[in-house]
Amino acid sequence: MVDAAVLEKLEAGFAKLAASDSKSLLKKYLTKEVFDNLKTKKTPSFGSTLLDVIQSGLENHDSGVGIYAPDAEAYAVFADLFDPIIEDYHGGFKKTDKHPPKDWGDVDTLGNLDPAGEYIISTRVRCGRSMQGYPFNPCLTEAQYKEMEDKVSSTLSGLEAELKGQFYPLTGMTKEVQQKLIDDHFLFKEGDRFLQAANACRFWPTGRGIYHNDAKTFLVWCNEEDHLRIISMQMGGDLGQVYRRLVTAVNDIEKRIPFSHDDRLGFLTFCPTNLGTTVRASVHIKVPKLAADKAKLEEVAGKYNLQVRGTRGEHTEAEGGVYDISNKRRMGLTEYDAVKEMNDGIAELIKLESSL
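Residues numbered from 1 in each chain as written. Predicted model: local features only at pLDDT ≥ 70, side-chain atom pairs only at ≥ 80, totals over all residues. Heavy atoms only, no water.

**Q** Would you mind showing me how to read empty space enclosed by the protein here?
**A** Overall, the coordinates contain 1 cavity of 30 Å³ or more when judged by the stated rule. As for the largest cavity, its lining consists of Lys189, Gly191, Leu195, Ala200, Cys201, Trp204, Glu224 and Glu225. For the lining of the largest cavity, the residue count by class is 4 nonpolar, 1 polar and 3 charged. (1 Å grid on protein atoms, 1.4 Å probe; cavity = no way out; pocket = protein on both sides within 12 Å on 5 of 7 lines; lining within 4 Å. Points joined across faces, edges and corners; volume = space filled by probe spheres on them. Nonpolar A, V, L, I, M, F, W, Y, C, P; charged D, E, K, R; others polar.)

Dropping the structure here:
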């Protein structure tokens with residue numbers, strides 16, 4: 001049974017949210033009926049409650065989404081809330097839909113989007129993975145954080161060739177290493193208020209770490225928002241090269257660490273916006289002429305299901321006409337198709353920018 005203090009918090013938070021002018025998907029889909037139906041439920045293995053799922057959105061009325069999954073079972077137990085939010089965010093992925101099996105496609109069909117180097121500053125493809133048998137951040141114990149870090153660092157130390165590199169634990173990190181990683185924009189900081197409110201930053205910095213290869217074109221974040229964030233990136237617009245490196249790495253790591261996967265939802269992660277392929281392919285792109293016509297930029301982006309963000313990520317402005325543009329859909333399509341959407345949309349934006 002859910003204890004009284006939790007119920008009290010839920011009731012108060014729900015009333016506040018209902019009275020607010022929040023635009024979050026949480027507010028949109030947490031009807032009184034859904035709320036009453038879910039408020040006394042718990043996940044079987046970790047005892048997560050509705051409060052664990054929605055507390056970030058209850059505290060931050062300016063959230064875009066407002067919910068997280070405290071453990072993999074939450075997606076099933078609290079499906080009445082997750083399913084409509086997933087459908088809304090992922091462009092019509094309905095609760096009767098099934099995410100296709102993993103398919104990286106023909107990696108050689110993607111190339112350089114900007115061979116002359118006029119528009120694209122850098123290219124990045126990343127995906128999230130959760131380790132099977134462990135809950136997500138809010139339910140992890142300190143011992144589990146440490147255990148996971150050990151598994152990840154020993155697995156990554158086995159990577160070879162282009163992926164060979166070093167793992168840096170955040171615990172006990174020297175000021176020099178810290179500064180070096182900050183300068184390279186590799187170091188992640190403790191979570192923002194949205195993650196803090198979701199209880200995703202406990203025991204910080206225990207169990208957190210960063211791995212990067214010698215060329216600094218491949219990195220893995222351990223226990224930031226997800227158990228693993230696997231990232232391939234480099235300067236310029238060679239999406240093909242970046243994608244091939246990621247695929248090689250993910251396949252290699254997967255042989256050694258089993259990942260949390262669901263037949264319907266694909267790869268399971270802490271945030272429902274990252275389910276399915278979990279793939280986010282993005283470029284930092286300089287389009288000053290289109291930047292002056294934001295409506296046109298948004299229109300083309302919308303056509304290809306792309307998300308346009310400011311230079312420093314979500315909730316920021318573009319600096320000097322430089323945008324962070326990525327694929328928005330991660331569900332109901334294959335890994336290859338998700339990256340291809342970004343590829344085609346960016347090609348179209350470059351064509352437009354050069355014609356203006």
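Now that the structure has been shown, we can carry on.
**Q** When you look at the sheet that holds strand E10 (residues 322-327) in this model, what are you seeing that I'm missing?
**A** One open sheet holds the 8 strands; their spatial order is E2-E3-E4-E5-E1-E8-E10-E9, and the pairing between them is antiparallel. Looking at which strands have only one partner, the edges of the open sheet turn out to be strand E2 (165-169) and strand E9 (306-309). On average, each strand axis in the sheet is inclined to that of its neighbour by 20 degrees, with strand direction left out of account. Relative to strand E5 (residues 228-235), strand E1 (residues 120-129) runs antiparallel, the two sharing 8 bridges. Within E5, the residue paired with Arg124 across the bridge is Met233. (Pairing = 2+ DSSP bridges. Helix = DSSP H or I, 4+ residues; strand = E, 2+ residues; numbered from the N terminus. Axes fitted to C-alpha atoms, helices over the stretch in contact; angles between N-to-C directions.)

**Q** Honestly, helix H12 (residues 294-303) in this entry has me stumped. Any pointers?
**A** For an α-helix, the turn length of 3.6 residues means that residues three or four places apart are oriented alike. Of the positions making up H12, those classed as buried are Leu297, Val300 and Ala301. End-on, the buried residues of H12 take up no more than an arc of 100 degrees, which puts them together on one face. Exposed positions of H12 whose direction lies more than 90 degrees from the buried face are Ala295, Glu299 and Lys303. Those residues of H12 that are buried are in contact with helix H11 (288-291), E9, E10 and helix H13 (335-355). Looking at the residues trailing H12, positive phi occurs at Asn305, about 55 degrees. (Buried < 20%, exposed > 50% of the residue type's maximum accessible area, 1.4 Å probe, protein only. Arc of directions from axis to C-beta. Contact = heavy atoms within 4.5 Å.)

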